[in-house]
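# Overview (structure and organization)
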Amino acid sequence: MNNKSYFLAMILFLCLAFTTQSFAQLQAPAPSPAAHVSQVVGFTKISIEYSSPAVKGRKVFGDLEKFGVTWRAGANGPTIIEFSTPVSVGGKTLNAGKYSLFITPMESGEWTVHLNPKANAVFAYMKDGKIDEAAVAADDAVALKVKTMTTPMPHERMMFMISAEDNKVASIHFVWDQTMFAFPVDTQVDQKIEGFKGVF
């Protein structure tokens, strides 16, 4: 083999090796892709990090997610809501920081949205193979009762949205399949402005 043929053979070998390594490193897309939504409301940035599962022809609430069983409001890991400043939710002032967001769906009546200050996974509350609901409730920073609505059209992917509304009170929206609800977050704009006056 002359030098030219040897050189071409080496280039071909390296190209094949690189291609094989690249294919080996490729992974299939996540069934429940990571998602993020954020919105500045008043002086506060509100962010939600979650993984977005799909319906995939399944019955979601009452089957995939059992009624009366607290759920992580997403897939893969905990759904985390973060506030950059103190806010008021359900009449309670919450410190700035990260909170796990859990949902307890119900067959009838209002559902419960839990904000957990430990930013725990819901599976941290497993006892005897099921969620210990009393332990979940004991760690709630706030537990909100929300009314669900039926959407006009089904939504394949679970999603959260944040609306700035009047730029003082935000509205956090949840939708999946044919179910949606919303809850308010008061960013305490007026209180913060009063606090600024005291400083200046």
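We now turn to the structure provided with this report. (Residues numbered from 1 in each chain as written. Predicted model: local features only at pLDDT ≥ 70, side-chain atom pairs only at ≥ 80, totals over all residues. Heavy atoms only, no water.)

Now for unusual backbone geometry. Positive phi, normally seen in glycine, also occurs at K56, with a value near 55°. Relative to the helices and strands, K56 resides in the loop between strand 2 (44-51) and strand 3 (80-83). With a relative accessible area of 53%, K56 lands in the exposed category. Backbone geometry places E165, a non-glycine residue, at a positive phi of 50°. Structurally, E165 can be placed in the loop between strand 11 (149-163) and strand 12 (169-186). (Helix = DSSP H or I, 4+ residues; strand = E, 2+ residues; numbered from the N terminus. Buried < 20%, exposed > 50% of the residue type's maximum accessible area, 1.4 Å probe, protein only.)

What follows covers the layout of surface pockets. Approximately 350 Å³ is the volume attributed to the largest pocket. For the largest pocket, the lining is made up of 23 residues, of which L64, E65, W71, R72 and F123 are closest to its centre. Residues of the lining of the largest pocket, tallied by class, amount to 12 nonpolar, four polar and seven charged. Reported here for the second largest pocket is a volume of approximately 160 Å³. In this structure, the second largest pocket is lined by F61, F67, M106, E107, S108, G109, W111, T148, M149, T150, Q178 and T179. Looking at the lining of the second largest pocket, the elements that each hand over two or more residues are strand 11 and strand 12. (1 Å grid on protein atoms, 1.4 Å probe; cavity = no way out; pocket = protein on both sides within 12 Å on 5 of 7 lines; lining within 4 Å. Points joined across faces, edges and corners; volume = space filled by probe spheres on them. Nonpolar A, V, L, I, M, F, W, Y, C, P; charged D, E, K, R; others polar.)

Function cannot be read off these values alone, since they describe shape.
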